[in-house]
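Residue-level structure breakdown
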Amino acid sequence: MSNAVHVYVSQAHKGELVMGAGIDSYNSYTQRGAFHIIEEQMAAALELFPVFARAHVLRTWGGIVDVTPDASPIVGLTPVDNLYLNCGWGTGGFKATPGVGWVYAHTIAHDTPHPLNAPFSLDRFTTGALVDEHGAAAVAH
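Attention in this report is confined to the structure presented alongside it. In this text the structure is predicted, and so the values were computed from the model without any measurement. (Residues numbered from 1 in each chain as written. Predicted model: local features only at pLDDT ≥ 70, side-chain atom pairs only at ≥ 80, totals over all residues. Heavy atoms only, no water.)

Relative to the assigned elements, Thr68 resides in the loop between α1 (35-48) and β3 (74-77). A polar atom in the side chain of Thr68 sits 2.9 Å from the side chain of Asp70. Within the structure, the side chain of Thr68 is placed 2.5 Å from the backbone oxygen of Ser72, a separation counted as a polar contact. Not counting residues within four places of it along the chain, the set of residues in contact with Thr68 comprises Ile74, Gly88, Arg124 and Phe125. (Helix = DSSP H or I, 4+ residues; strand = E, 2+ residues; numbered from the N terminus. Polar contact = N/O pair within 3.5 Å; in protein donor to acceptor, adjacent residues only side chain to side chain. Contact = heavy atoms within 4.5 Å.)

Encoded structure:
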């Protein structure tokens, strides 16, 4: 992984290379890939590993990853009674599962945010109190 060139590479159990790149610079919910994204990702990967120039693209993924504008999750209440959110974890949320499960359960049981997840509320996008965890994401976004 390199945050300098915004690409990550790992190896699948069958030996294939799995690559990813940065997030879109604008909100889009299309579910198709774009050649310019693949081209930029491959250029970044080649900067790290020139030998990858001999690799072949077998398939691409055209989905979306739930990354919020401030790269922090949304955990808490919504304006709808009894509807709670735990989303926006992007590509690394599985690492936080034990901790967020505990504070999320508290939020649901008491219908009020736990102090640890209070800053991660949905209303931060209207109040401007963003968390901004891009630097702590530990992925090449």
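With that settled, the discussion passes to the pairing of strand β4 (residues 84-87). Bridge count for β3 against β4 is four bridges, and the pairing is antiparallel. Within β4, the position partnered with Val75 by the bridge is Asn86. Adjacent in sequence and paired antiparallel, β3 and β4 are bridged by six residues, among which Asn82 carries a positive phi angle near 65°. (Pairing = 2+ DSSP bridges.)

In this sheet, strand β2 (residues 17-21) lies alongside strand β1 (residues 7-11) in antiparallel orientation, the contact comprising five bridges. Within β2, the position partnered with Val9 by the bridge is Met19. Linking β1 to β2, which pair antiparallel, is a turn of five residues; within it Gly15 sits at a positive phi near 95°.

With that out of the way, let us pick up α1. With 14 residues, α1 ought to run about 20 Å at 1.5 Å a step, and its terminal C-alpha atoms sit 20 Å apart, in line with that. Among the residues of α1, Gln41, Ala44 and Ala45 are the ones counted as buried. For α1, the buried positions fall inside an angular range of 100° around the axis, keeping them on one side. For α1, the exposed residues set more than 90 degrees away from the buried face come down to Phe35, Glu40 and Glu47. Residues of α1 that are buried sit in contact with β1 and β2. (Expected span 1.5 Å × (residues − 1). Buried < 20%, exposed > 50% of the residue type's maximum accessible area, 1.4 Å probe, protein only. Arc of directions from axis to C-beta.)

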